[in-house]
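Residue-level listing of the chains:
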Amino acid sequence: MRAVVEVNLKAIDHNIKQIKSLTKSEILAVVKADAYGHGLVPVAKQALTSGASWLGVALLEEAFALRAAGITAPVIAWLTPSGEDFASALKQHIDLSVSSISLFEEVLGAAKVSGIKPRLHFEIDTGMRRGGVLDEWSDFLAFAKERSQEYELVGVWSHFARADEPDSTFNVEQENNFELKLADVKLAGLNPKIIHLSNSAATITNPAAHHVMVRLGIAMYGLSPDVNTLGTSQDLHLIPAMTVKAKIHLVKSAKKGEAVGYGGTAILGEDSKLGVIVMGYADGLPRSASNIAGVLHNSKKAPLIGRVSMDQCVVDLGADSTAKAGEYVTIFGPDGYSADDWGKASGTINYEITTRIAARVPRIYT
Ligand SMILES: *Cc1c(COP(=O)(O)O)cnc(C)c1O
């Protein structure tokens, strides 16, 4: 394999157990976006083995893929626009989230067709102004009450906008708003069993917000929700599960003063050995990390030199490198450069770095 994503399932196991030491709440493992690039089904199975009791995905097709793999644990799909195949979702016992009266009606319509009572979660917008019921709230509740025989209310939930800023009073505002809305739900005579609010950051920093279940994403993958405010993976006793490796295609000696790559954006300051690595932006390496991030070869850092190309990039191995063509370098992982380093180098976050590693890079599991 010229490039590979190695996923350490033992790290996933460790990370879930680490988080379980911080909370008594049930754990929903967030496996959307191909499990943040780690692979939907293997991660979902490991998460359930390691103590998660629920799975969460954004899209219905992700939930279908879990069911197709024989996974029977509770699954919520929380981002289902109008027009999705809700009847199939109900037949496959997939919990749905509703955040508007029109979507609610559409799901109840699908329920009539399929003859299956939907298991629903109400999403409330408590401040993020992304998903969730906001201005419709009282009409939504009236509708929910009127049609309460037609569905099972499993959960009520919301999402933090700034959980990675634990000192922000905005979190308190959202929690207070959530409590008020929960009181409204109860006043309407509805009794959700699973209240869920916290993502990884809130699970790590805010025990008061854990409720019945936490939705664990990035921390399960061994990465920090925000290295600046919450510390690194290591600080949080998490182990990054993803290691990305690629082969050296060529090693060549180049001279001081020579320009490397498209646009000649890097000029060699010394005579050096260059390594041409068989991985580029088509594989998900951000081009914006050009000249900033780097790779690890034999425990030695080799910085990117010149621009990241579509299928390859060039690193400065150093004049006395013994690297040979065909050997692997580590692009990022628990040692050397991290997903955080690549994120910082390209103006993004570790979430995006792992998630964007392209499907053409095979995943292997250890
Ligand atoms: C992605 C997502 C999460 C997980 O967030 P992390 O920061 O990765 O823990 C939780 N809840 C919802 C609704 C999400 O979309």
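Everything numeric here is computed off the predicted structure, so don't read it as measured data.

**Quick notes on the overall build of the protein chain**
Inference 1: The secondary structure content of the protein chain amounts to 12 helices and 18 strands.
Inference 2: C-alpha extents for the protein chain along the principal axes are approximately 75 × 45 × 35 Å.
Inference 3: Split into buried and exposed, the 366 residues of the protein chain put 54% on the buried side.
Inference 4: Sequence-distant contacts in the protein chain: of pairs separated by 6 or more residues, those separated by 24 or more amount to 67%.
Inference 5: Surface summary for the protein chain: the accessible area is close to 15,600 Å², and the carbon and sulfur share equals 52%.
Inference 6: With 36 positive and 40 negative side-chain charges, the protein chain shows a separation of 6 Å between the mean positions of the two kinds.

**Observations regarding the pattern of salt bridges**
Inference 1: Evaluated as defined, the whole model comprises 12 salt bridges.
Inference 2: Here Lys245 and Glu6 are joined by a salt bridge, their closest N and O atoms 3.2 Å apart. Here Glu6 lies in strand β1 (residues 3-7) and Lys245 lies in strand β10 (residues 242-254), a separation of 239 residues in the sequence.
Inference 3: You can call Glu6 partly exposed: its relative accessible area is 21%.
Inference 4: For Asp311, the salt bridge goes to Arg360, with nearest N and O atoms at 2.7 Å. On the criterion of sequence distance, the pair formed by Asp311 in the loop between β15 (300-303) and β16 (313-316) and Arg360 in the loop between α12 (350-355) and β18 (363-365) is long-range, its members being 49 residues apart.
Inference 5: Taken together, the shared-partner salt bridges in this structure form one network comprising Arg2, Asp283, Asp311 and Arg360.

**Overview of unusual backbone geometry**
Inference 1: A positive phi is found at Arg129, a non-glycine position, where the angle reads about 55°.
Inference 2: You can see Arg129 is positioned in the loop between β6 (119-123) and α7 (137-146).
Inference 3: Accessibility expressed as a relative area gives 52% for Arg129, which makes it exposed.
Inference 4: Phi angles above zero are rare outside glycine, and Asn291 is one such case at about 65°.
Inference 5: Structurally, Asn291 is set in the loop between β13 (272-277) and β14 (294-297).

**Some points on the side chain of Ser100**
Inference 1: Its location among the elements puts Ser100 in the loop between β5 (95-98) and α6 (101-114).
Inference 2: A polar contact of 3.3 Å, which involves the side chain of Ser100, links it to the side chain of Ser102.
Inference 3: Side-chain polar atoms of Ser100 contact the backbone nitrogen of Leu103, separated by 3.1 Å.
Inference 4: What Ser100 contacts, discounting residues up to four positions off in sequence, is Val133, Glu136 and Phe140.

**A few points about the domain arrangement of the protein chain**
Inference 1: We note that the domain assignment places domain 1 (9-221) and domain 2 (242-365) within the protein chain.
Inference 2: Between the C-alpha centres of domain 1 and domain 2 there is a distance of 38 Å.
Inference 3: Across the contact, 8 residues belong to domain 1 and 7 residues belong to domain 2.
Inference 4: Both faces combined, the contact of domain 1 with domain 2 buries some 750 Å², and carbon together with sulfur accounts for 64% of it.
Inference 5: For domain 1, the biggest contributors to the area lost against domain 2 are Tyr36, His38 and Ile218; these three give 56% of the whole.
Inference 6: Inspection of the domain 1/domain 2 interface yields 4 residue pairs in polar contact (both at pLDDT 80 or more).
Inference 7: Of the residues belonging to the side of domain 1 that touches domain 2, the class tally is 5 nonpolar, 3 polar and no charged.

**Describing the nonpolar core**
Inference 1: Core analysis: the biggest nonpolar cluster contains 112 residues, and Val31, Phe104, Phe122, Met220, Met279, Ile331 and Trp342 have the highest contact counts within it.
Inference 2: The element that contributes the greatest number of residues to this core is α6, accounting for 7 residues.
Inference 3: For this core, the two domains that each supply at least three residues are domain 1 (9-221) and domain 2 (242-365).
Inference 4: If you look at the next biggest cluster of nonpolar residues, it comprises 8 residues, including Val260, Ala266, Val276 and Ile305.

**Looking at the site of the ligand**
Inference 1: Looking at the ligand, the residues that line it are Val30, Lys32, Tyr36, Trp78, Trp157, His159, Asn199, Ser200, Arg215, Gly217, Ile218 and Tyr351.
Inference 2: Between the ligand and Ser200, the relevant distance is 2.5 Å, taken from an oxygen atom to a side-chain nitrogen or oxygen of the residue.
Inference 3: For the ligand, whose free accessible area comes to 390 Å², the fraction covered by protein is 93%.
Inference 4: Broken down by class, the residue content of the shell around the ligand amounts to 6 nonpolar, 4 polar and 2 charged.

**Examining the environment of Gly127**
Inference 1: Relative to the assigned elements, Gly127 resides in the loop between β6 and α7.
Inference 2: According to the relative accessible area criterion, Gly127 is buried, its value standing at 15%.
Inference 3: Taking the C-alpha atoms as reference, Gly127 lies 7.3 Å from Ala161; in sequence the two are 34 residues apart.
Inference 4: Aside from chain neighbours lying at most four places away, what touches Gly127 is Phe170 and Gln174.

**Notes on the environment of Ala282**
Inference 1: Position of Ala282 among the secondary structure elements: in the loop between β13 and β14.
Inference 2: Given a relative accessible area of 30%, Ala282 falls into the partly exposed group.
Inference 3: Sequence spacing of Ala282 and Ser309 is 27 residues, and the spatial spacing of their C-alpha atoms is 8.3 Å.
Inference 4: Apart from the residues lying within four places of it in its own chain, the contact partners of Ala282 are Met310, Asp311, Ala358 and Arg360.

Calculation rules
- Residues numbered from 1 in each chain as written.
- Predicted model: local features only at pLDDT ≥ 70, side-chain atom pairs only at ≥ 80, totals over all residues.
- Heavy atoms only, no water.
- Helix = DSSP H or I, 4+ residues; strand = E, 2+ residues; numbered from the N terminus.
- Buried < 20%, exposed > 50% of the residue type's maximum accessible area, 1.4 Å probe, protein only.
- Contact = heavy atoms within 4.5 Å.
- Areas by Shrake-Rupley, 256 points an atom, 1.4 Å probe, with all protein chains shown as cover.
- Lys, Arg positive; Asp, Glu negative; His and termini not counted.
- Charge placed at Lys NZ, Arg CZ, Asp CG, Glu CD.
- Salt bridge = Lys/Arg side-chain N within 4 Å of Asp/Glu carboxyl O.
- Polar contact = N/O pair within 3.5 Å; in protein donor to acceptor, adjacent residues only side chain to side chain.
- Domains from an automatic or database assignment.
- Buried area = accessible area lost by both parts, 1.4 Å probe.
- Nonpolar A, V, L, I, M, F, W, Y, C, P; charged D, E, K, R; others polar.
- Core = buried A, V, L, I, M, F, W, Y, C linked by side-chain atoms within 4.5 Å.
- Near = heavy atom within 4 Å.

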